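Structure assessment
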Amino acid sequence: MPFAALETPQLLLDVTKLDANTARMKAHVERLGSRLRPHLKTTKSVDLARHVLGDLSHPITVSTLKEADYFAGHGARDILYAVGIAENKMDHVVALRRKDVDLTIILDNLASAAMVVARAAAAETMVPVLIEIDSDGHRSGVEPQSGALVAIGRLLEDGAYTLLRGVMTHAGASYDCRTTACIEKLAAQERSLTLGSAEMLREAGMACPVVSIGSTPTALFSKNLDGVTEVRAGVFMSRDLVMAGLGVCAPEDIALSVLATVIGHQPAKGWVITDAGWMAMSRDRGTSGHGIDQGYGLVADEYGRLLGDVVVNGANQEHGILTAHEGKPLDISGFPIGMRLRILPNHACATAAQYGEYLVVDSGSEILTRWERINGW
Ligand SMILES: Cc1ncc(COP(=O)(O)O)c(C=O)c1O
């Protein structure tokens, strides 16, 4: 189907860029002797997962139990649910485990560990657990190499139906870096603190086979993955403007975009109005603290060729307001009514979450196929 026949907005995925981005990450991680457990929270699509992974026997990471159900229903068996567990999800976890899905959960505190020990025993169902480590002060996780870590490990080891599988962390602070040196430092820290935590548990007599780390910036800038058994990265497949702003990729590498149409002008202000507002792009303003603030998205032509100094400077629910960077006026004669544009997103996960499918494209102007995706919980 040609673009011209499409109602807008639509979510486009450039499969050539997707393949290149994926190959680059896989080669890097494998060259350093580890393996990928891709995080499918960005893509949430079984079609895309099959395209990238071959089949779903590959280990995967998910961010919701709905994703776990969805991918398990299409054959995935080795799934890490990488958000700290809550008791109200334990029936769901047990149900998946009983369907022969090797689902692993994570936690970072004694209360959750005691809850999981009790709930797994009551269900007489083995539940494997990774202990989450706080390797950078970004979010959750127990203090690395601490007494609390060992106490949690001991509680899980002593549970009749809990299996301490290892440790994990996510170096989310890498998103706050402004230099490559900062990302490299966090990558080394992510590895050393997680590995050190695994070694502490091992010295205390616990097996701890899994050392799981990952974020796209730290994964791509890592120089040493010795001892790291798996790398969980997610946004690397599509990339986005936040990644470009961090120097992880170029805007030209971004595989995801929103197809929009010019619906109006404000000539006195030099504004171009489109039908892609924040509902189409998400409200994510992840580049606002970067050297270049890309507003709600960076604008390309309908074939994905960047126009340079054109961004979505303002967004209402269904209206996007295009200007040059910093709100400077555009020459609106270059944007006739009805013109199709592609807008690159700040945050791929947030933009994709607004849509139920990907329209798969390459460098041409035809839709090659449609890949379904899921949303919600
Ligand atoms: C626990 C966890 N692991 C891995 C990732 C993947 O990070 P990225 O999307 O930067 O690749 C995330 C992303 O939020 C995460 O929360």
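For the structure itself, look to the data block above.
Residues numbered from 1 in each chain as written. Predicted model: local features only at pLDDT ≥ 70, side-chain atom pairs only at ≥ 80, totals over all residues. Heavy atoms only, no water.

Per the stated rule, a full pass over the model turns up 14 salt bridges. A salt bridge links Glu184 to Lys223, with the nearest nitrogen and oxygen atoms 3.4 Å apart. You can see Glu184 sitting in helix H7 (residues 180-203) and its partner Lys223 sitting in the loop between helix H8 (216-221) and strand E8 (230-231), a full 39 residues away along the chain. Under the relative-accessibility criterion, Glu184 is labelled partly exposed at 28%. In this structure, Arg370 engages Glu357 in a salt bridge whose closest nitrogen and oxygen atoms are separated by 2.6 Å. Within this pair, whereas Arg370 is found in strand E16 (residues 369-372), its partner Glu357 is found in strand E15 (residues 357-361), the two being separated by 13 residues in sequence. (Salt bridge = Lys/Arg side-chain N within 4 Å of Asp/Glu carboxyl O. Helix = DSSP H or I, 4+ residues; strand = E, 2+ residues; numbered from the N terminus. Buried < 20%, exposed > 50% of the residue type's maximum accessible area, 1.4 Å probe, protein only.)

With that settled, consider the pairing of strand E9 (residues 256-266). Burial within E9 is extensive, with eight of its eleven residues counted as buried. Bridge count between strand E1 (residues 10-14) and E9: four bridges; the pairing is antiparallel. Following the sheet pairing, Gln10 is matched in E9 by Leu259. Sheet analysis places E9 next to strand E14 (residues 340-344), joined by four bridges and oriented antiparallel. Note on E14: the bridge partner recorded for Leu259 is Arg342. Sheet analysis places E9 next to strand E10 (residues 271-274), joined by four bridges and oriented antiparallel. Of the residues in E10, the one forming a bridge with Val262 is Thr274. Taken together, E9 and the strand that follows it, E10, pair antiparallel across an intervening segment of four residues, in which Gly270 is found at a positive phi of about 70°. (Pairing = 2+ DSSP bridges.)

Through backbone hydrogen bonds, the strands of a sheet pair up, either in parallel or in antiparallel fashion. Pairing in this open sheet of seven strands is parallel, and the strands run E2-E3-E4-E5-E6-E7-E8 from one edge to the other. Two strands close off the open sheet at either side, each with one partner strand: strand E2 (60-62) and E8. Bridge count between strand E6 (residues 162-168) and strand E7 (residues 210-213): three bridges; the pairing is parallel. Bridge pairing in E7 places Met168 opposite Ser212. Sheet strands touched by helix H5 (residues 110-123): strand E4 (102-107), strand E5 (127-132) and E6. Its angle to E4, the strand with the most contacts, is close to 150°. Lying over the sheet, H7 contacts E5, E6 and E7, oriented at roughly 160° with respect to E7. (Contact = heavy atoms within 4.5 Å. Axes fitted to C-alpha atoms, helices over the stretch in contact; angles between N-to-C directions.)

The subject of this paragraph is the state of the cysteines. A full pass over the atoms with the stated rule returns one disulfide. Cys249 takes part in no disulfide bond, and the closest cysteine sulfur, belonging to Cys349, lies 13 Å away. Among the residues examined, Cys349 registers a relative accessible area of 14% and is labelled buried. (Disulfide = S-S within 2.5 Å.)

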